[in-house]
Amino acid sequence: MATFHTLLQMMDALHTEEDCRVYLENVRWNGKPICPHCGSISENHYKLTQNGEFKGLYKCRDCRKRFTVRQGTMFEGSNLPLKKWFYAIYLFLSHKRGISSCQLAKDIGVTQKTAWFMLHRIRHNVRDDDADFNDMTQVDETYVGGKTKRNRGGQGRSTKQKTPVMGLLSDGKVYARVIKNASSKVLLGIIDELVRKGSTVITDKWKGYNKVKERYIHEVVEHNLKEYVNADGFHTNSIEGFWSQLKRGIIGIYFLVSPKHLQNYCKEFVFRYNTRKQSDADRFNEFLGSFTERLYYGELLMKPEWRIIE
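Parameters at a glance
- Residues numbered from 1 in each chain as written.
- Predicted model: local features only at pLDDT ≥ 70, side-chain atom pairs only at ≥ 80, totals over all residues.
- Heavy atoms only, no water.
- Salt bridge = Lys/Arg side-chain N within 4 Å of Asp/Glu carboxyl O.
- Helix = DSSP H or I, 4+ residues; strand = E, 2+ residues; numbered from the N terminus.
- Buried < 20%, exposed > 50% of the residue type's maximum accessible area, 1.4 Å probe, protein only.
- Pairing = 2+ DSSP bridges.
- Axes fitted to C-alpha atoms, helices over the stretch in contact; angles between N-to-C directions.
- Contact = heavy atoms within 4.5 Å.

Caption draft 1: Structural context of the pattern of salt bridges. Following the criterion strictly, the structure yields 11 salt bridges and no others. Lys-205 serves as the salt-bridge partner of Glu-222, at 3.4 Å between the closest nitrogen and oxygen. Of this pair, Glu-222 sits in the loop between strand E8 (217–221) and helix H7 (237–254) while Lys-205 sits in the loop between strand E7 (200–204) and E8, and the two are 17 residues apart along the sequence. Accessibility expressed as a relative area gives 52% for Lys-205, which makes it exposed. Between Glu-268 and Arg-272 there is a salt bridge, with the nearest N and O atoms lying 2.6 Å from each other. Of the two residues, Glu-268 and Arg-272 are both situated in helix H8 (residues 262–274); the distance of 4 residues between them amounts to about one turn of the helix. Judged on exposure class, the residue Glu-268 and its partner Arg-272 are both buried. Salt bridges linked by common partners bring Glu-18, Arg-21 and Glu-25 together as one network.

In structure tokens form, the structure reads like this:
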């Protein structure tokens, strides 16, 4: 399997469709093709040729169905060459603030609509569940999109034009979820779902967190008094730093994100934040080797359900 550390090295190593196909097979199968129909793993699946040339089409020795390495993955049904997909995935994973569909369309020579769909397919398949909230967890919520509403108390939590997002951070790993509102019922419901009982939860003094002390050790930082680290040394600076990355990416790269798709954009920034200590090549290989699924265009346009506890 080819090794590389930069985008240029990847392009040199994987400059043909055949190179990309073989590389994807090595990453996903490690030399033993896996039939997506019956799950059979074997080095002896039949290799079917066209005009005497093998181009990656296999026939399962058990169920006798045909398959390729694309089948059952995010690449299934796509007419784009793997080279363009690999380029898009590498840029998406390595750029700290992401890449816009307009820029990607210019870089790989596709329409903006195609680039937009490609990026959403990638977002759909990044993982966002590797955070472990069992010790000290910073919890905060922020508001994304809309127009800033200025008043004496600052921007505040009450604007109806913005979409609320709740975040939890512990041991350098973050999790973010779009929520309907910042009520006590919603906030505490998600904390109960993700944080082990008896852990230390650190929040600001928003009234939605008032009941946290009933089930957790609750540390409060009074931001309204310009306190950023409380008397016992607790703070929410780390989760607020993540919010800064999220908002800078949305404002500077994507400019506008609809509430319908905001959860997927949160997944994108969560993934890059949680894998920030990995090299770009390791992140790329891990993504290619992980479980991915096909996202249909019709599914993408459907309005997703809110992922909150009622």
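Now, onward.
Caption draft 2: Region of interest: the sheet that holds E7. Within the open sheet, the 5 strands sit side by side as E6-E5-E4-E7-E8. Their pairing is mixed. Each edge of the sheet is formed by a strand with only one pairing partner; in this case those strands are strand E6 (173–178) and E8. Sheet twist, expressed as the mean angle between neighbouring strand axes with direction ignored, is 25°. Looking at chain direction, strand E4 (residues 136–144) and strand E5 (residues 163–170) are connected through 7 bridges and run antiparallel. What sits directly across from Val-144, in E5, is Thr-163. Set on the sheet, H7 makes contact with E4, E5 and E6; between it and E4 the angle comes to about 30°. Set on the sheet, H8 makes contact with E4, E5 and E6; between it and E6 the angle comes to about 180°.

Caption draft 3: Just the environment of Lys-197, in detail. Considering the arrangement of structural elements, one finds Lys-197 in the loop between helix H6 (184–194) and E7. Relative accessible area serves as the criterion here: at 45%, Lys-197 is assigned to the partly exposed category. For the pair Lys-197 and Arg-61, spaced 136 residues apart in sequence, the C-alpha separation works out to 51 Å. Once residues within four sequence positions are removed from consideration, Lys-197 is found in contact with Asp-192, Arg-215 and Tyr-216.

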